Structure formats: C-alpha cells, structure tokens
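# Results of the structural survey
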Amino acid sequence: MKVISYNLNKHRAAGELTQLVERHEVDVLCLQECDTNDIPHQVGGLRLAEATQRNRLGLAVYYRENTFRAEEVRALSLKKSLHDYVLKPAEERMLGVRLRDIDTGRDVIVASFHAAPLTALNSLRRHQIRTALSELQNLGPGLPALMVGDYNYPVFKENLGQKVRDQGYELTLSDARTYTRYRFFRGHYDFATSVGFDIAHIKTLPQGLSDHLPILVTAEVTAPRLRSLA
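The sections below set out a description of the structure shown in this document. All figures in this text were calculated on a predicted structure; none of them were measured in a lab. (Residues numbered from 1 in each chain as written. Predicted model: local features only at pLDDT ≥ 70, side-chain atom pairs only at ≥ 80, totals over all residues. Heavy atoms only, no water.)

### A closer look at the overall build of the protein chain
Counting secondary structure elements, the protein chain contains four helices and 13 strands. Relative to its full complement of 230 residues, the protein chain shows a buried share of 56%. Within the protein chain, counting contacts between residues at least 6 apart in sequence, those at least 24 apart form 64% of the total. When the accessible surface of the protein chain is totalled, it reaches about 10600 Å², and 47% of it is carbon and sulfur. (Helix = DSSP H or I, 4+ residues; strand = E, 2+ residues; numbered from the N terminus. Buried < 20%, exposed > 50% of the residue type's maximum accessible area, 1.4 Å probe, protein only. Contact = heavy atoms within 4.5 Å. Areas by Shrake-Rupley, 256 points an atom, 1.4 Å probe, with all protein chains shown as cover.)

### Comments concerning helix 1 (residues 17–24)
Within the span of helix 1, buried status applies to Leu 17, Leu 20, Val 21 and His 24. One side of helix 1 carries all its buried residues, which in axial view fall inside an arc of 95°. Opposite the buried face of helix 1, at more than 90 degrees from it, the exposed residues are Glu 22 and Arg 23. Looking at the buried positions of helix 1, the neighbouring elements they touch are strand 1 (2–7), strand 2 (28–34), strand 3 (42–43), strand 4 (46–51), strand 5 (58–64) and strand 13 (215–221). Looking at the residues trailing helix 1, positive phi occurs at Glu 25, about 50°. (Arc of directions from axis to C-beta.)

### Comments concerning the sheet that holds strand 13
The seven strands lie next to each other as 3-4-5-2-1-13-12, forming an open sheet whose pairing is mixed. The open sheet is flanked by strand 3 and strand 12 (197–204), the only strands paired with a single partner. Set on the sheet, helix 1 makes contact with strand 1, strand 2, strand 3, strand 4, strand 5 and strand 13; between it and strand 1 the angle comes to about 155°. (Pairing = 2+ DSSP bridges. Axes fitted to C-alpha atoms, helices over the stretch in contact; angles between N-to-C directions.)

### Notes on the environment of Ala 14
Within the element layout of this structure, Ala 14 appears in the loop between strand 1 and helix 1. The exposure class assigned to Ala 14 is partly exposed, which follows from its relative accessible area of 23%. In this structure the C-alpha to C-alpha distance between Ala 14 and Glu 33, which are 19 residues apart in sequence, comes to 9.8 Å.

### Some words on the packing of aromatic side chains
Going through the model one piece at a time under the given rule, you end up with three aromatic pairs. Taking 4.4 Å as the distance between ring centres and 25° as the angle between the ring planes, the aromatic pair formed by Tyr 151 and Phe 191 counts as stacked. Of the two residues, Tyr 151 sits in the loop between strand 9 (145–150) and helix 4 (157–166) while Phe 191 sits in strand 11 (residues 190–195), which places them 40 residues apart along the sequence. For the pair formed by Tyr 151 and Phe 191, the shared burial category is buried. What links up through ring pairs into an aromatic cluster is the set Phe 113, Tyr 151 and Phe 191. (Phe/Tyr/Trp six-rings, centres within 6.5 Å; stacked < 30°, edge-to-face > 60°.)

### Overview of unusual backbone geometry
With phi around 55°, Asn 9 is a residue other than glycine that occupies positive phi space. Mapped onto the elements, Asn 9 comes out in the loop between strand 1 and helix 1. By relative accessible area, Asn 9 is classed as buried at 9%. Residues other than glycine seldom take positive phi values, yet Glu 33 does so here, at roughly 55°. Tracing the sequence through the fold places Glu 33 in strand 2.

### Section: the sheet that holds strand 6 (residues 68–77)
Ordered by their spatial adjacency, six strands build an open sheet running 6-7-8-9-11-10, and the pairing between neighbours is mixed. Each edge of the sheet is formed by a strand with only one pairing partner; in this case those strands are strand 6 and strand 10 (170–172). Put simply, the sheet's adjacent strands are angled 20° from each other on average, direction ignored. Pairing of strand 7 (residues 92–101) with strand 8 (residues 107–114) involves seven bridges; the strand directions are antiparallel.

### Regarding the pairing of strand 7
Across the ten residues of strand 7, nine count as buried, placing the element largely inside the fold. Summarising the sheet, strand 6 and strand 7 pair through nine bridges and their orientation is antiparallel. Residue pairing across strands places Val 73 opposite Val 97, the latter belonging to strand 7. Linkage of strand 7 to strand 8, two consecutive antiparallel strands, is achieved through a turn of five residues, within which Gly 105 is found at a positive phi near 75°.

### Some details on the pattern of salt bridges
This model, assessed by the stated rule, comprises seven salt bridges. For the salt bridge of Asp 107 with Arg 98, the shortest nitrogen-to-oxygen distance reads 3.1 Å. A single burial state applies to Asp 107 and to Arg 98, both of which are buried. Ionic contacts of the salt-bridge type, sharing partners, join the residues Glu 72, Arg 74, Arg 98, Arg 100, Asp 107 and Glu 135 into one network. (Salt bridge = Lys/Arg side-chain N within 4 Å of Asp/Glu carboxyl O.)

By themselves, these figures tell us nothing about what the structure is for.
Structure representation (structure tokens):
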C-alpha cells in the first residue's frame, strides 16, 4: 500500500494533487488544511471517502476505488488549544476510514491527522495523538491501522515515540525533514503511527506550494498485535 500525506497550507497546494497521485501510483491520499468546499470527488483515479465538515481548514481521505471499498468513516474532535478557541481553524482533527481490500476481503484503517499548532504544548498534542489512536480502534478492534499527517511535533520525538509504543503503535519518520518555513522550526512534522503494518519506508517528496513537504508511505499489512489502550 502506498499512502501520501500532505498538508496543503490553507489549500494553496491543491493543484498538485493529481500529479502526485499519478506519479507515485498511490492507493490512499490523506490531506490536511484543505478547503473541503473546493475539493473534487476524484483525484487521479482516487475517490473521496470523506472530508470533515466543521473545519475552516479541513481533512480529507481519498482511496483507489478499484482496490478498496470504504466501509465506515469517523471524524473526531480532539481537545482544543487556545489557538483553536480563538481562531477556530479546526473542529475535527482526525478523519479515519475503514477500507476493505476488494481482492482479499481484508479490512484496514487509514486516517488523516492534524495536531494543534506549535503555540500549544507538546502535552496537549500527545493527548490528541493518544485519543485519536484509541478512537481508531473503534472503527475495527484489532485491525491494522495507519494514521498519517501533520503532528506538529518537531522536538522531543523520542518521548512521543515511547508514548506511542506504550499504546501498541509504532512511530515512523520520513527520510528528510518535512517543514522548512521557519529557520528555527524546521524539521520532521509529518509522519506516521501504525499497528499491524510493516512500514518499508517513508519518503519526503519535493516541495511544492505548501510550507509542508508531502510524504509517501510504503507499507504492507502484517498480523496486528495491539495492546490494551486502557
């Protein structure tokens, strides 16, 4: 399975999506900061599974419809930062989709995630990540799950990685930094958390019109071994 995650920077990079999907032959496309009133139902052979409805800067998930069938979708509101209360950029910060592989009949979960911005504390973002990962299992307990997106977590990722592993997931970074706008905040912002997937690699793709670089996740389903999330 090939998955691209891309923060469009207030929809500025929306025109790049078809070329990205076709060039890399991706199966799933996960977006952040897209204008959900101005996104197509089809992108390069991918079909829109769902987009958030209550966000000024929304999330969307597309899937290859000759490979998968969308079985269930869930959008999730997460604990808010002060930035969210004042500017209200995002009511729903996780969008998960349960997909059924048409050939194998096997279900997997893929989600697009957008954590609170850098004005919030890391502890708040960890709370959001923990809640989102727990909620994904309500789409299908024990199913392989892959959550990609803008985690807004450029420093102290070792601590985050341990917290994620405590939930039974793995955190995987891409091969190069994904955010370049501010000199002192450059680094890995966009990455993946997963369970039941073997992540072969995550490649940072060339920069376009967004201040984030898209990432390409190549993953294969393995037998999930999810621990209790209590």
